[in-house]
Amino acid sequence: MGNKYLPERSVKAVWHPCTQMKQHEMSPLVPIARGEGVWLYDFEGGRCLDAIGSWWVNLFGHANPRINAAIRDQLDKLEHVMLAGFTHEPVVELSERLSKLVSGQLGHCFYGSDGASAIEIALKMSFHYWRNSGHPEKNGFVSLQNDYHGETLGALSVTDVALFRDQYAPLLRHSAHVLTPDWRHASAGESARDYALRAAAALEAHLAEHHAETAALIVEPLVQGAAGMGMYHPDYLKLARKLCDKYQVHLIADEIAVGFGRTGTMFACEQANIVPDFLCLAKGLSGGYLPLSVVMTTDAVYQAFYDDEITRGFLHSHTHAGNALACRAALAALDIFEQDPIIETNRAKAAHLNHAAQPLASHPKVRNFRNCGMIWAFEVETIDPAFAGKFFQAALKQELLLRPLGNTVYFMPPYIIDEQEMDFLVAGTLRALDAQKK
Ligand SMILES: *Cc1c(COP(=O)(O)O)cnc(C)c1O
């Protein structure tokens, strides 16, 4: 794709996320003029298929007509009003519909602006719950080895990805990380389920020793995204829920990346038939259109804050919490789930892609080809430390947006991708793979 549109100075005016800016001396930014469906277009007629849903947010394609129409309609009514002391229709409707979707047991929705702010909310709320309940000593957190929960200081302290964490470690509160259930770490001959049971035993050993000072266990259900799409058996979640009950520790499910159908069910926790104490949602919540996040929780948690005393209330606010435009986009996304058989159709699409991807799965450079719902991933055998950047460039030449995590290449396409586009994705990935030297 071309970059003639960009004048030299813009490159410095914007400091880009997760980017060593100096690298853009060599590989220029890709200016995007517009998007439509799975496609992004530049200013020169070039295009690429957004195979990673623009950082895992896009569910129903760019410029989706139904979501666009809902936002336009909302724009003429109310763009935003503060959520302290005021309320509005989209936020009430969204909260009621979300609660219904998650079994009715998480009937209280607290809003934030992005994924990391949802994690901050869940951590603070769990801690404050125990404090209000006479257990201020329960103030620690445990997460899974290689988990990612965002990059603000609280979220980063329960994140275990060295690249994001190491430079800032002195700023972070200590938290524990227990053995990951990601089956790539299983021993030879050990099944994904057996390995999940072994990881659950490690969790039990940790909780048996530390439950008295632990507020919550936080997990990425079924798929550890930033760890390189590490997938695990749902029985781990089942056991984690049981252990949290046994040891009086909250379970926080971070479904920021996997919520809204990504793992093949509306929410990943459904596959283990469990309900967490806190469910964090963002990314696809607004169809990927606008920054919006929510933490959903139980009556038990809500009641522990319900009091005459102001300091027993939850003392947390984000200025744009429950933004009306974002909530309306989220309602439009929920409408699409209700009106179209998205989950069922995705199953057929996944079967098509799995079949089409056979040459990828059996490619001599490819290891661990795996799929969960609408997520695909595989490791590429390489000794090149710059593989991710080079593969990104090679994929762009094939009109594909792919952004490997280390040597893990993954697909997380919008659900509206059709069979022809899936075939295009696989064929281009194979060509990008064969373009790599070693
Ligand atoms: C993206 C992500 C976050 C952080 O969300 P932001 O909106 O980037 O702050 C947290 N947890 C998981 C699992 C994520 O994938």
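What counts and how
- Residues numbered from 1 in each chain as written.
- Predicted model: local features only at pLDDT ≥ 70, side-chain atom pairs only at ≥ 80, totals over all residues.
- Heavy atoms only, no water.
- Helix = DSSP H or I, 4+ residues; strand = E, 2+ residues; numbered from the N terminus.
- Rg over C-alpha atoms; globule rule 2.2 N^0.38 Å.
- Contact = heavy atoms within 4.5 Å.
- Areas by Shrake-Rupley, 256 points an atom, 1.4 Å probe, with all protein chains shown as cover.
- pLDDT = per-residue confidence, 0-100.
- Near = heavy atom within 4 Å.
- Polar contact = N/O pair within 3.5 Å; in protein donor to acceptor, adjacent residues only side chain to side chain.
- Nonpolar A, V, L, I, M, F, W, Y, C, P; charged D, E, K, R; others polar.
- Pairing = 2+ DSSP bridges.
- Axes fitted to C-alpha atoms, helices over the stretch in contact; angles between N-to-C directions.
- Buried < 20%, exposed > 50% of the residue type's maximum accessible area, 1.4 Å probe, protein only.
- Salt bridge = Lys/Arg side-chain N within 4 Å of Asp/Glu carboxyl O.
- Left-handed = near helix turned anticlockwise from the far one by under 90°.
- Patch = residues over 30% accessible without salt bridge, like charges linked within 9 Å, V, L, I, M, F, W, Y side chains within 5 Å.

Next up on the list: the overall build of the protein. Within the protein, the secondary structure is distributed over 15 helices and 16 strands. A compact globule built from 438 residues should have a C-alpha radius of gyration of about 22 Å, and the protein, at 22 Å, falls within 12% of that. With the principal axes as the frame, the protein shows a C-alpha extent of 60 × 60 × 45 Å. In the protein, the share of contacts with a sequence separation of at least 24, taken over all contacts with a separation of at least 6, comes to 72%. Accessible surface for the protein amounts to roughly 20,000 Å². Of this, 55% is attributable to carbon and sulfur atoms.

Further remarks concern the confidence of the model for the protein. For the protein, per-residue confidence averages 96 on the pLDDT scale, and 98% of positions sit at 70 or higher. Element-level mean pLDDT values for the protein span from 74 in helix α1 (residues 10-13) up to 99 in strand β10 (residues 250-254).

What follows deals with the site of the ligand. Taken together, Trp-56, Asp-114, Gly-115, Ala-116, Tyr-148, His-149, Gly-150, Glu-220, Asp-254, Ile-256, Ala-257 and Lys-283 are the residues near the ligand. A distance of 2.7 Å separates an oxygen atom of the ligand from a polar backbone atom of Ala-116. A distance of 2.6 Å separates a nitrogen atom of the ligand from a polar side-chain atom of Asp-254. Across the complex, the protein chains shield 82% of the 380 Å² of accessible surface that the ligand would expose by itself. Looking at the shell around the ligand, its residues break down into 5 nonpolar, 3 polar and 4 charged.

Before going further, it helps to examine the sheet that holds strand β7 (residues 214-219). Reading across the sheet, the 7 strands line up as β4-β12-β11-β10-β7-β5-β6 and stay open at both edges, with mixed pairing between neighbours. Of all the strands in the sheet, the pair left with one neighbour each is β4 (108-112) and β6 (176-178). Neighbour-to-neighbour, the strand axes of this sheet turn through a mean angle of 20 degrees, independent of strand direction. Two elements, strand β5 (residues 140-144) and β7, share 4 bridges in a ladder whose sense is parallel. Bridge assignment links Ser-143 to a residue of β7, and that residue is Ile-218.

Because side chains alternate across strand β11 (residues 278-281), one face comprises the buried residues Phe-278 and Cys-280, and the other comprises Leu-279 and Leu-281, equally buried. Of the strand pairs in this sheet, β10 and β11 are connected by 3 bridges, and their pairing is parallel. Paired with Ala-253 across the two strands is Leu-279, which belongs to β11.

For the rest of this paragraph, the subject is the pattern of salt bridges. A full pass over the atoms with the stated rule returns 20 salt bridges. Counted as one network, the salt bridges with shared partners bring together Glu-93, Arg-97, Asp-335 and Glu-338.

What follows deals with the packing of helix α3 (residues 65-75) against helix α11 (residues 324-339). As a packed pair, α3 and α11 sit with axes 9 Å apart at the nearest point and diverge in direction by 145 degrees. With respect to the hand of their crossing, α3 and α11 are arranged in right-handed fashion. Across the interface between the two elements, Arg-66, Ile-67, Ala-70, Ile-71, Asp-73, Gln-74 and Leu-75 from α3 touch Ala-324, Leu-325, Arg-328, Ala-329, Ala-332, Ile-336 and Gln-339 from α11. A breakdown of the residues in the contact of α3 with α11 according to their chemical character gives 9 nonpolar, 2 polar and 3 charged.

Taken together, the side chains of Leu-153, Tyr-168 and Leu-171 make up a nonpolar region of the molecular surface, amounting to roughly 330 Å² of accessible area. Position of Leu-171 among the secondary structure elements: in the loop between α7 (162-165) and β6. The exposed category is assigned to Leu-171, whose relative accessible area is 57%.

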